[in-house]
Amino acid sequence: MKKFLIFLLLVIVSISGFAAWMWNSDPDGIPVLKYKRINDVDQNENTLSVEQFEMQMKFLVDEGYSVISPAELLDAWAGKISLPKNPVVLTFDDGHVDAYKNVFPILQKYNLKATFFVVTDNINLYPDCLTWQQAREMQDSGLVEFGSRTLSNKDLTKIYSRDKLWDQIYGSKQAIEWYLKKPANFIVYPEGKYDLDTEDMSKEVGYRAAFINGYGLTHKDDKNNFVLERVPILGANSHTLLRFQLRLKGAALFSPLYKIKKRLSDDGNPEVADLIPVP
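Below you will find a few notes about this structure. Quantities reported herein were computed from a predicted structural model and do not represent experimental measurements. (Residues numbered from 1 in each chain as written. Predicted model: local features only at pLDDT ≥ 70, side-chain atom pairs only at ≥ 80, totals over all residues. Heavy atoms only, no water.)

A few words on the overall build of the chain. Helices and strands together make up the secondary structure of the chain, namely 10 helices and 11 strands. Taken over the C-alpha trace, the chain has a radius of gyration of 20 Å; the compact-globule value for 279 residues is 19 Å, and the two agree within 12%. Oriented by its inertia axes, the alpha-carbon framework of the chain measures out at about 75 × 45 × 45 Å. When the 279 residues of the chain are sorted by exposure, 48% land in the buried category. Sequence separation of at least 24 residues holds for 62% of the intrachain contacts in the chain that already meet a minimum separation of 6. Looking at the chain as shown, the accessible area adds up to about 14400 Å², and 54% of this sits on carbon and sulfur atoms. (Helix = DSSP H or I, 4+ residues; strand = E, 2+ residues; numbered from the N terminus. Rg over C-alpha atoms; globule rule 2.2 N^0.38 Å. Buried < 20%, exposed > 50% of the residue type's maximum accessible area, 1.4 Å probe, protein only. Contact = heavy atoms within 4.5 Å. Areas by Shrake-Rupley, 256 points an atom, 1.4 Å probe, with all protein chains shown as cover.)

Printed below as a string of structure tokens:
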């Protein structure tokens, strides 16, 4: 029994040591945070309550994080500017009206920058989506910029016509630049799905970088700025601030676990995937 307890203690110490090493082993990685919906109506994993979102933004400010734009991130990597202490990037997907009603006032309150990736065909069309007037007001604050989530949010890897793929990638860029009179420099691939054609075309039309789904940090030494990972921030439970802190600070530890979990699930082993702890 004594030997077993000693063995168990060694295992716990070893696991704790490995976790601590992973937690602090990526000092140069920068978290790009991904949000979708911020409101007090929907109850799903893609929606965060307004209160929880504000708690997260306040946490960033109180803990000394510096919120930067994607452009500042790339400029720093290119040696044009220096990064501030504890940099982090805020991004929001789809372009729902709660970006204007709920997110924008909190960004103004804490003086935080953010990038919104919009599905341009939906702007001005649906009551639940932004209008171009609202987007201009947000942009005029100096805190907000807009990027593309394509024309209609379709899986780009299933578009086999080059002309139609061009419309999704470049057409959305044109729309943003026409209505907002500023360059759209960044794109998010719908559902995080991409292939060489989508990467090459995104470069060809003039985007500076593209973002995907994931769990990892971004790095200066990343070989390809058109597959930059983002850390998803989820909601729909009572522990979102804790989950936020874990994902913000522990991406180096949880990113490989997330990828193993996703692969197991995609390969038809959800029961095994559920055994892997990812906040």
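Here the narrative resumes.
The next subject is the packing of helix α2 (residues 50-62) against helix α8 (residues 240-249). Close contact between α2 and α8 brings their axes to 10 Å; oriented N to C, the two are set at 40 degrees. On the basis of their axis angle, the class for α2 and α8 is oblique. Crossing hand, α2 versus α8: right-handed. For the pair α2 and α8, contact is made by Gln-52, Met-55, Gln-56, Phe-59 and Leu-60 and by Thr-240, Leu-241, Phe-244, Gln-245, Leu-248 and Lys-249, respectively. Looking at the contact of α2 with α8 residue by residue, the classes come out as six nonpolar, four polar and one charged. (Axes fitted to C-alpha atoms, helices over the stretch in contact; angles between N-to-C directions. Parallel < 35°, antiparallel > 145°, perpendicular 65-115°, else oblique. Left-handed = near helix turned anticlockwise from the far one by under 90°. Nonpolar A, V, L, I, M, F, W, Y, C, P; charged D, E, K, R; others polar.)

Our focus in this paragraph is the side chain of Thr-115. Counting through the fold element by element, Thr-115 comes out in strand β6 (residues 114-118). Note on Thr-115: relative accessible area 1%, which makes it buried. Polar side-chain contacts of Thr-115 include one of 3.2 Å to the side chain of Glu-145. Those residues within four positions of Thr-115 in sequence are excluded, and the remaining contacts are Pro-70, Leu-90, Thr-91, Phe-92, Glu-145 and Gly-147. (Polar contact = N/O pair within 3.5 Å; in protein donor to acceptor, adjacent residues only side chain to side chain.)

A few words now on helix α9 (residues 251-266). The terminal C-alpha atoms of α9, which comprises 16 residues, lie 21 Å apart, in line with the 22 Å expected from a rise of 1.5 Å per residue. Phi turns positive, to about 90 degrees, at Gly-268, one or two residues after α9. (Expected span 1.5 Å × (residues − 1).)

Moving on to the nonpolar core. Within the largest apolar cluster, 44 residues are counted, with the highest numbers of intra-cluster contacts made by Tyr-35, Leu-90, Phe-116 and Phe-146. The leading source of residues in this core is helix α4 (residues 98-110), at six residues. Once residues lying within four places of it in the same chain are set aside, the contact partners of Phe-146 are Phe-116, Val-118, Leu-130, Ala-135, Met-138, Gln-139, Ile-176, Leu-180 and Ala-184. In terms of nonpolar packing, the next biggest core, distinct from the first, is built from 14 residues, Ile-30, Trp-77, Phe-186 and Phe-211 among them. (Core = buried A, V, L, I, M, F, W, Y, C linked by side-chain atoms within 4.5 Å.)

This next bit is on α2. Helix length check: α2, at 13 residues, gives a terminal C-alpha distance of 18 Å against a target of 18 Å (1.5 Å per residue), a fit within 8%. Turning to α2, its buried residues number three or more, namely Val-50, Gln-52, Phe-53, Gln-56, Met-57, Phe-59 and Leu-60. Phi turns positive, to about 80 degrees, at Gly-64, one or two residues after α2.

Tallied over the entire structure, the rule returns 15 salt bridges. Notably, a salt bridge pairs Asp-93 with Arg-149, separated by 2.9 Å at the nearest N-O pair. Of this pair, Asp-93 sits in strand β5 (residues 87-94) while Arg-149 sits in the loop between β7 (144-148) and α6 (162-180); the two residues are 56 residues apart in sequence, bridging distant segments of the chain. Exposure class is identical for Asp-93 and Arg-149. Each is buried. Here Lys-193 ties to Asp-155 by a salt bridge, and the two come within 3.7 Å at their closest N and O atoms. One end of the pair, Lys-193, is in the loop between β8 (186-188) and α7 (196-205); the other, Asp-155, is in the loop between β7 and α6, with 38 residues separating them in the sequence. Given the relative accessible area of 9%, Asp-155 is considered buried. (Salt bridge = Lys/Arg side-chain N within 4 Å of Asp/Glu carboxyl O.)

This part is about unusual backbone geometry. Despite not being glycine, Asn-124 shows a phi value in the positive range, around 70 degrees. Locating Asn-124 in the fold gives a position in the loop between β6 and α5 (132-140). The backbone phi angle of Asn-153 is positive, close to 65 degrees, even though this residue is not glycine. Counting through the fold element by element, Asn-153 comes out in the loop between β7 and α6.

Between two aromatic rings, the relevant description is the distance of the centres plus the angle of the planes. Taken as a whole and judged by the stated rule, the model has 12 aromatic pairs. The interplanar angle of 55 degrees and the centroid separation of 5.3 Å between the aromatic rings of Trp-166 and Tyr-170 together place this pair among those described as tilted. Pair noted here: Trp-166 and Tyr-170 are both in helix α6, with a separation of four residues, about one helical turn. Taking the ring centre of Tyr-207 as reference, the NZ or CZ of Lys-173 above it sits at 5.6 Å. (Phe/Tyr/Trp six-rings, centres within 6.5 Å; stacked < 30°, edge-to-face > 60°. Lys NZ or Arg CZ within 6 Å of the ring centre and 35° of its normal.)

With that settled, consider the side chain of Asp-98. Within the secondary structure layout, Asp-98 lies in helix α4. Reaching out from Asp-98, the side chain makes a polar contact with the backbone nitrogen of Ile-38 at a distance of 3.5 Å. Of note is the side chain of Asp-98, whose polar atom sits 3.1 Å from the side chain of Asn-39. Not counting chain neighbours up to four residues away, the residues in contact with Asp-98 comprise Arg-37, Ile-38, Asn-39 and Val-103.

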